[in-house]
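This is what each chain is made of:
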Amino acid sequence: GVEISKLLSTTGLITLDPGFTNTGSTTSAVTYIDGDAGILRYRGYPIEQLAAKSTFLETSYLLIKGELPSATELEDFTQRISRHTMLHEDLKRFFDGFPRDAHPMPVLSSAVSALSTFYQDSLDPFNEEQVELSTIRLLAKVPTIAAYAYKKSVGQPLLYPDNSRGLVENFLRLSFGFPAEDYEADPLMVKALDQLLILHADHEQNCSTSTVRLVGSSHANLFASISAGIQALSGPLHGGANQQVLEMLATIKSSDGNIKSFVDRVKNKEPGVKLMGFGHRVYKNYDPRATLVKATADEVLSKLGGNDEMLDLAKQLEEIALSDDYFISRKLYPNVDFYTGLIYRAMGFPDRMFTALFTIGRLPGWIAQWQEMIKDPATKIGRPRQVYTGSTARDYTEIDGR
Ligand code: ACO
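These numbers were taken from a predicted model, which means no experiment stands behind them.

About the thresholds
- Throughout, a residue's number is its position along its own chain's written sequence, starting from 1.
- Residues qualify for local features only when their pLDDT is at least 70, as the model is predicted, and side-chain atom pairs are given and counted only at 80 or more; totals for whole chains, interfaces and linings, by contrast, use all residues.
- Put simply, DSSP marks the helices as runs of H or I at least four residues long and the strands as runs of E at least two long, and each gets a number from the N terminus on.
- Exposure is read from a count of other C-beta atoms within 10 Å of each residue's own; the residue is exposed at 12 or fewer, buried at 20 or more and partly exposed in between. C-beta atoms are placed from the backbone.
- By definition, residue pairs are in contact when their C-beta atoms, positioned from the backbone, come within 7 Å.
- When DSSP finds at least two bridges between two strands, those strands are taken to pair.
- Here the axes come from fitting lines to C-alpha atoms, over the contacting stretch only for helices, and the angles between their N-to-C directions go from 0 to 180 degrees.
- Orientation categories follow fixed angle ranges, with anything under 35 degrees roughly parallel, anything over 145 roughly antiparallel, 65 to 115 roughly perpendicular, and all other angles oblique.
- Left-handed describes a crossing whose near helix is turned anticlockwise from the far helix through less than a right angle; right-handed describes the clockwise counterpart.
- Charged means Asp, Glu, Lys or Arg here, nonpolar means Ala, Val, Leu, Ile, Met, Phe, Trp, Tyr, Cys or Pro, and polar covers whatever is left, Gly included.

## Quick look at the environment of Gly348
Reasoning step 1: Considering the arrangement of structural elements, one finds Gly348 in the loop between helix H17 (337-347) and helix H18 (354-375).
Reasoning step 2: Taking C-alpha positions, Gly348 is 21 Å from Ala290, a pair spaced 58 residues apart along the chain.

Take a look at the structure:
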């Protein structure tokens with residue numbers, strides 16, 4: 001219904017592609033996805049191998065630098081990150097200003113945005129040393145910020161990081177250590193969380209990553225770009241879905257566990273009723289991350305003693321959906337968010353922390369993509385066009401004549 005003349009610009013024909021379903025915004029050498037075959041690789045390495053053999057910090061190095069590190073490189077990277085885990089005391093005071101029931105995602109985004117006021121020595125996007133320093137600071141401080149957001153919500157004191165511990169162990173202690181001296185994270189929990197972070201580490205040009213790139217394309221600094229990415233991730237159609245899945249399962253449980261009637265509401269497209277944790281723009285097959293997460297859910301819940309009833313409910317829901325023509329014909333499968341919340345809950349995190357955990361995982365991917373964008377000579381400021389459908393020119397009417 002749009003006149004062809006409105007699709008013409010000085011630079012040629014404007015393509016209209018809502019949601020950018022078929023528009024490539026960049027070339028990228030970071031992550032490969034084949035959505036039909038259910039394949040995901042970081043820098044060429046299959047996600048299954050990385051999840052089984054790598055660690056989150058090694059995978060972060062791989063994503064950001066392009067190659068797996070040597071033992072010395074990894075040691076150096078790890079040491080540098082552990083030296084930067086503390087927050088400036090003035091930044092710590094931010095946590096007193098937020099309401100106790102603040103959602104961790106806006107707290108994270110605000111604190112990351114504020115990092116650009118504390119670290120004005122590393123804001124130049126074209127100075128490689130400064131970008132490297134901001135990268136280390138982000139990887140080190142985001143877990144601390146996330147843990148503090150949680151600590152504040154439960155009214156416990158903010159602990160100092162213990163840099164003799166690994167990143168995940170440190171994060172778990174900062175979150176659950178009370179009193180801190182006695183806290184020893186369960187090795188199963190450390191391993192499972194580390195693996196979940198690997199699975200979330202990058203996913204090419206998704207909504208939050210595209211946001212990070214778009215903001216960065218204006219030459220805004222890395223902290224500003226990541227802060228915007230965190231806000232994009234918080235939405236229920238993106239990273240926020242992991243929290244929504246648990247809320248959906250609770251709704252089903254409270255209606256006597258009647259899965260079929262919930263699925264009918266989804267199929268009838270009742271406003272606001274979707275099968276959360278299902279469907280994906282790119283995967284038209286089982287999300288390979290969901291396969292791995294499901295196995296981890298079984299392992300963690302059986303050993304840590306999580307809510308098996310909810311896991312059973314999720315599995316039944318998946319089974320019913322995957323044998324229903326509505327979901328089959330639309331190629332809707334569980335995505336990474338479907339089972340993660342159950343694991344996070346078994347670890348002791350409240351539902352509101354789930355997307356913050358996703359943030360810690362996605363951070364190296366955002367950084368890798370931002371760095372690729374800033375170094376790419378083909379990068380231009382992101383500035384999509386539009387097809388105008390508003391009024392034609394008209395004269396201003398005085399207020400008493402309207
Ligand atoms: N439940 C029910 N129906 C769905 C779902 C779902 N979860 N997802 C898609 N559909 C239906 C749509 O209604 C549409 O049906 P129609 O053709 O009859 O209109 C069809 O499947 C195609 O869906 P689109 O909305 O066009 O798919 P799109 O690629 O735009 O959306 C998205 C992808 C946002 C992930 C969607 O599947 C969704 O909302 N899922 C639930 C939220 C979720 O789990 N998000 C996390 C995604 S993974 C991540 O970000 C980490």
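## Things to note about the environment of Arg213
Reasoning step 1: Counting through the fold element by element, Arg213 comes out in helix H10 (residues 207-216).
Reasoning step 2: Arg213 gets classed as buried once you count the C-beta atoms within 10 Å, which come to 24.
Reasoning step 3: Between the alpha carbons of Arg213 and Ser225 there is a distance of 7.3 Å; along the sequence they are twelve residues apart.
Reasoning step 4: In this structure, Arg213 is in contact with Thr26, Gln369, Trp370, Met373 and Gly382, ignoring residues within four places of it in sequence.

## Brief notes about unusual backbone geometry
Reasoning step 1: Phi angles above zero are rare outside glycine, and Phe20 is one such case at about 50°.
Reasoning step 2: The topology assignment puts Phe20 in the loop between strand S2 (12-13) and strand S3 (31-34).
Reasoning step 3: Judged by the 13 C-beta atoms lying within 10 Å of it, Phe20 falls in the partly exposed class.
Reasoning step 4: One non-glycine residue, Glu204, lies in the positive phi region at around 35°.
Reasoning step 5: By the secondary structure assignment, Glu204 is in the loop between helix H9 (187-200) and H10.
Reasoning step 6: Since 17 C-beta atoms lie within 10 Å of it, Glu204 is described here as partly exposed.

## Side note on the sheet that holds strand S5 (residues 45-46)
Reasoning step 1: The three strands lie next to each other as S3-S4-S5, forming an open sheet whose pairing is antiparallel. Strands with a single pairing partner mark the edges of an open sheet, and in this sheet they are S3 and S5.
Reasoning step 2: With four bridges joining them, S3 and strand S4 (residues 39-42) adopt antiparallel strand pairing. Within S4, the position partnered with Ile33 by the bridge is Leu40.

## Let's talk about the pairing of S3
Reasoning step 1: Alternating positions in S3 separate cleanly, Thr31 and Ile33 being buried on one face and Tyr32 and Asp34 remaining unburied on the opposite face.
Reasoning step 2: The hairpin turn running from S3 into S4, its antiparallel successor, is four residues long, and Gly38 in that turn takes a positive phi close to 70°.

## With respect to the pairing of S4
Reasoning step 1: Because side chains alternate across S4, one face comprises the buried residues Leu40 and Tyr42, and the other comprises Ile39 and Arg41, none of which is buried.
Reasoning step 2: Pairing between S4 and S5: two bridges, direction antiparallel. The residue bridging Tyr42 from the neighbouring strand is Tyr45, located in S5.
Reasoning step 3: Connecting S4 to the next strand, S5, in antiparallel fashion are two residues, including Arg43 with a positive phi near 50°.

## Points about the packing of helix H7 (residues 128-154) against H18
Reasoning step 1: Taken N-terminus to C-terminus, the directions of H7 and H18 make an angle of 170°; their axes are 10 Å apart at the nearest point. The orientation of H7 relative to H18 falls into the category roughly antiparallel. Seen along the crossing, H7 lies across H18 with a hand that is right-handed. Residue-level contacts link Val131, Thr135, Leu138, Leu139, Val142, Pro143, Ala146 and Ala149 of H7 to Ala356, Thr359, Ile360, Leu363, Pro364, Ile367 and Gln371 of H18.
Reasoning step 2: When its residues are assigned to classes, the contact of H7 with H18 shows twelve nonpolar, three polar and no charged.

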